[in-house]
Amino acid sequence: MGVAIRVIPCLDVDAGRVVKGVKFEGLRDAGDPVELAKRYNAEGADELTFLDVTASSSDRQTTFDVVSSTAEQVFIPLTVGGGVRTPEDVDRLLRTGADKASINTAAIARPEVINEITERFGSQVLVLSADAKKSDATPSGYEVTTHGGRTSTGLDLLEWVAEAQERGVGEILLNSIDADGTKAGFDLPMIRAVRSVVSVPLIASGGAGAAEHFPPAIEAGADAVLAASIFHFGEVSIGEVKDAIRAAGYEVR
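None of the values given here were measured: they were computed from a predicted structure.

Student: Residue-level account of the overall build of the protein, with values.
Tutor: The helix and strand inventory of the protein stands at 10 helices and 12 strands. Taking 253 residues into account, the globule formula puts the C-alpha radius of gyration at 18 Å, and the protein, at 17 Å, falls close to it. Dimensions along the principal axes, computed over C-alpha positions, put the protein at roughly 40 × 40 × 40 Å. A buried classification covers 56% of the 253 residues belonging to the protein. Here the contacts in the protein between residues at least 6 apart in sequence split such that 65% fall between residues at least 24 apart. Entry remark: accessible area of the protein is about 10200 Å², with carbon and sulfur atoms responsible for 49%. Averaged over its 24 positive side-chain charges, the protein has a centre that lies 2 Å from the centre of its 38 negative ones.

This is the structure in structure tokens:
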């Protein structure tokens, strides 16, 4: 194996609070982001991902404050996404205490921004977040979406992740819109499909409902596994997930 599998809780932050929806709708409050981050740090999370779901300029400062407070108290890598559009946005996040920035919509609108960010800060700071779902309209049968799956882009998922890797992105966060919030397990065929065209680390997201859902995602090609609601609402602990991964024969920290 060599590299240990990472377990990453994701905090969807809206105006300074953690929220979680099903298929990105019907958000419910899950608590204070800094408190949750501290809890996950103590429970053995390998990294944390913050997604600013408001991403409107009015709440921008709130997000920077949350990132800064978290970085002061939590010493595992922190990835922040939502509203990242320019190298300047990435610069500000890094100065605020983030270790990596996650980009989605802005990269679709102007793919060159991937080159601009990675040439300036290095590939390791940039995560491509790809929200994808099944579609008959693309060659691979998977299409990239924006706005939480509501807006189709017409982009073929496999072509897009391959291009992003070529442009220098350091890792890919693959979120299955079809599986998101269902708790029925990760989208294994989609993970396999993406793994077949990229070599950068792949984070699987969407669909985790039980500890036993995690090892199959790794078997399908994920280097890291991400979940939100099952951790926030105490349904499954990070320790239980790591035990399941270990029991399946993979290395965890």
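Next comes the rest of the account.
Student: Let's hear about the packing of aromatic side chains: which residues, and what values?
Tutor: Summed over all chains, the structure comprises 3 aromatic pairs. Seen in terms of ring centroids, phenylalanine 186 and phenylalanine 214 are 5.3 Å apart; in terms of plane orientation they differ by 70°. Their pairing is edge-to-face. Residue phenylalanine 186 is found in the loop between strand 10 (171-176) and helix 7 (188-195), and its partner phenylalanine 214 is found in helix 8 (residues 214-219); the two are separated by 28 residues along the sequence. Phenylalanine 214 matches phenylalanine 186 in its accessibility class, with the two residues each being buried. Through successive ring pairs, a cluster of aromatic residues spans Tyr40, Phe186, Phe214 and Phe231.

Student: Report on the environment of cysteine 10, specifying residues and quantitative values.
Tutor: Its location among the elements puts cysteine 10 in strand 1 (residues 6-14). We classify cysteine 10 as buried; its relative accessible area is 4%. For the pair cysteine 10 and aspartate 52, spaced 42 residues apart in sequence, the C-alpha separation works out to 11 Å. If we ignore the near neighbours within four places in the chain, the residues touching cysteine 10 are Thr49, Leu51, Leu226, Ala227, Ala228 and His232.

Student: Describe in detail the nonpolar core, supporting the description with residues and values.
Tutor: Core analysis: the biggest nonpolar cluster contains 73 residues, and Ile103, Leu128, Leu157, Ile191, Phe214, Phe231 and Ile245 have the highest contact counts within it. Counting residues per element, this core draws most heavily on helix 6 (residues 157-166), which supplies 5 residues. The residues contacting leucine 128, other than those within four sequence positions of it, are Ile103, Ala107, Ile114, Trp160, Val161, Ala164, Val169, Glu171, Ile172 and Leu173. One finds Val127, Ile203, Ala224 and Ala228 within the second-largest nonpolar core, a separate group that totals 8 residues.

Student: Quick one: what's the story with the pairing of strand 9 (residues 151-156), residue by residue and with numbers?
Tutor: Alignment of strand 8 (residues 142-146) against strand 9, held across 3 bridges, turns out to be antiparallel. In the strand pairing of strand 9, threonine 145 is matched with serine 152. Hairpin remark: strand 8 followed by strand 9, antiparallel, with 4 residues in the connecting loop; positive phi at histidine 147, about 55°.

Student: Lay out the side chain of glutamate 143 in plain terms, naming residues and giving numbers.
Tutor: Within the element layout of this structure, glutamate 143 appears in strand 8. Of the buried charged residues, glutamate 143 lacks a salt bridge, with lysine 133 as the closest side chain of opposite charge at 6.1 Å. Apart from the residues within four sequence positions on either side, glutamate 143 is in contact with Asp131, Ala132, Lys133, Ser135, Thr138, Ser152, Thr153, Gly154, Leu155 and Leu157.

Student: Describe empty space enclosed by the protein, listing the residues and the values that go with them.
Tutor: Under the definition given, this model contains 1 cavity of 30 Å³ or more. Taken as a whole, the largest cavity spans an internal volume of roughly 40 Å³. Broken down by class, the residue content of the lining of the largest cavity amounts to 5 nonpolar, 2 polar and 2 charged.

Student: So, unusual backbone geometry: which residues are in play, and what are the values?
Tutor: Despite not being glycine, alanine 15 shows a phi value in the positive range, around 50°. Following the sequence through the fold, alanine 15 ends up in the loop between strand 1 and strand 2 (17-22). Even without a glycine there, the phi angle at lysine 183 is positive, about 60°. Looking at the secondary structure, you find lysine 183 in the loop between strand 10 and helix 7. We classify lysine 183 as partly exposed; its relative accessible area is 29%.

What counts as what
Residues numbered from 1 in each chain as written. Predicted model: local features only at pLDDT ≥ 70, side-chain atom pairs only at ≥ 80, totals over all residues. Heavy atoms only, no water. Helix = DSSP H or I, 4+ residues; strand = E, 2+ residues; numbered from the N terminus. Rg over C-alpha atoms; globule rule 2.2 N^0.38 Å. Buried < 20%, exposed > 50% of the residue type's maximum accessible area, 1.4 Å probe, protein only. Contact = heavy atoms within 4.5 Å. Areas by Shrake-Rupley, 256 points an atom, 1.4 Å probe, with all protein chains shown as cover. Lys, Arg positive; Asp, Glu negative; His and termini not counted. Charge placed at Lys NZ, Arg CZ, Asp CG, Glu CD. Phe/Tyr/Trp six-rings, centres within 6.5 Å; stacked < 30°, edge-to-face > 60°. Core = buried A, V, L, I, M, F, W, Y, C linked by side-chain atoms within 4.5 Å. Pairing = 2+ DSSP bridges. Salt bridge = Lys/Arg side-chain N within 4 Å of Asp/Glu carboxyl O. 1 Å grid on protein atoms, 1.4 Å probe; cavity = no way out; pocket = protein on both sides within 12 Å on 5 of 7 lines; lining within 4 Å. Points joined across faces, edges and corners; volume = space filled by probe spheres on them. Nonpolar A, V, L, I, M, F, W, Y, C, P; charged D, E, K, R; others polar.

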